[in-house]
Amino acid sequence: MTIMPFHLAIPVTDLVVSRAFYGELLGCAQGRSLEHWIDWNFFGHQLVTHLVAEMPNLPAPNKVDDKAVPVPHFGVVLTMQDWHDLAARLQAANVNFVIEPYVRFKNEPGEQATLFLLDPCGNALEFKAFNDIGQLFAD
């Protein structure tokens, strides 16, 4: 199967801080934009930040590996090297992580490096990587 880019539209309350976060911190190229939205090349996928007056209320997090995983969240699976590079860039920028970079499910099926953070408007993002991408859907 050929994997095509996903399209995801998310709410934000400030496009200026969204530009700084997605464009400068994460390094996403900006695409089309108007006064109420911005398209981003989010690691090969189309992410659109839409300006809203206020953010929606979020449900309680889920427990995974004894950590409080924010729900909902979105993100991408990176190569292990790209994940390490991003984690180092975020740590150097003194980002406040929801879940600090670590290896989840160590020595189990689905072992993965993961980290969680919030964008400036409260949208939760997860970045993960696998030494063996064949473990992506391991049970």
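Just so it is clear, the structure is predicted and the values come from calculations on it, not from any experiment. (Residues numbered from 1 in each chain as written. Predicted model: local features only at pLDDT ≥ 70, side-chain atom pairs only at ≥ 80, totals over all residues. Heavy atoms only, no water.)

**Digging into the packing of aromatic side chains**
(1) Moving on: Throughout the structure, instances matching the rule amount to 6 aromatic pairs.
(2) Moving on: Pairing Phe21 with Tyr22 gives two aromatic rings, centres 4.8 Å apart and planes at 80°, and the pair type is edge-to-face.
(3) Moving on: On the accessibility criterion, Tyr22 (0% relative accessible area) is buried.
(4) Moving on: Pairing Phe43 with Phe127 gives two aromatic rings, centres 5.5 Å apart and planes at 65°, and the pair type is edge-to-face. Residue Phe43 is found in the loop between β3 (37-42) and β4 (45-51), and its partner Phe127 is found in strand β10 (residues 124-129); the two are separated by 84 residues along the sequence. (Phe/Tyr/Trp six-rings, centres within 6.5 Å; stacked < 30°, edge-to-face > 60°. Buried < 20%, exposed > 50% of the residue type's maximum accessible area, 1.4 Å probe, protein only. Helix = DSSP H or I, 4+ residues; strand = E, 2+ residues; numbered from the N terminus.)

**Concerning the sheet that holds β10**
(1) Moving on: Taken in spatial order, the 4 strands line up as β7-β10-β9-β8 in an open sheet, and their pairing is mixed. For this open sheet the edge positions go to β7 (74-78) and β8 (97-104), each flanked by a neighbour on one side alone. For this sheet, the mean angle separating the axes of adjacent strands, direction not counted, is 10°.
(2) Moving on: Bridge count for β7 against β10 is 5 bridges, and the pairing is parallel. If you follow Val77 over to β10, its bridge partner there is Lys128.
(3) Moving on: Seen against the sheet, helix α2 (residues 80-92) touches β7, β8, β9 (112-118) and β10 and runs at an angle of roughly 35° to β9. (Pairing = 2+ DSSP bridges. Axes fitted to C-alpha atoms, helices over the stretch in contact; angles between N-to-C directions. Contact = heavy atoms within 4.5 Å.)

Keep in mind that these numbers describe shape and distance, not what the molecule does.
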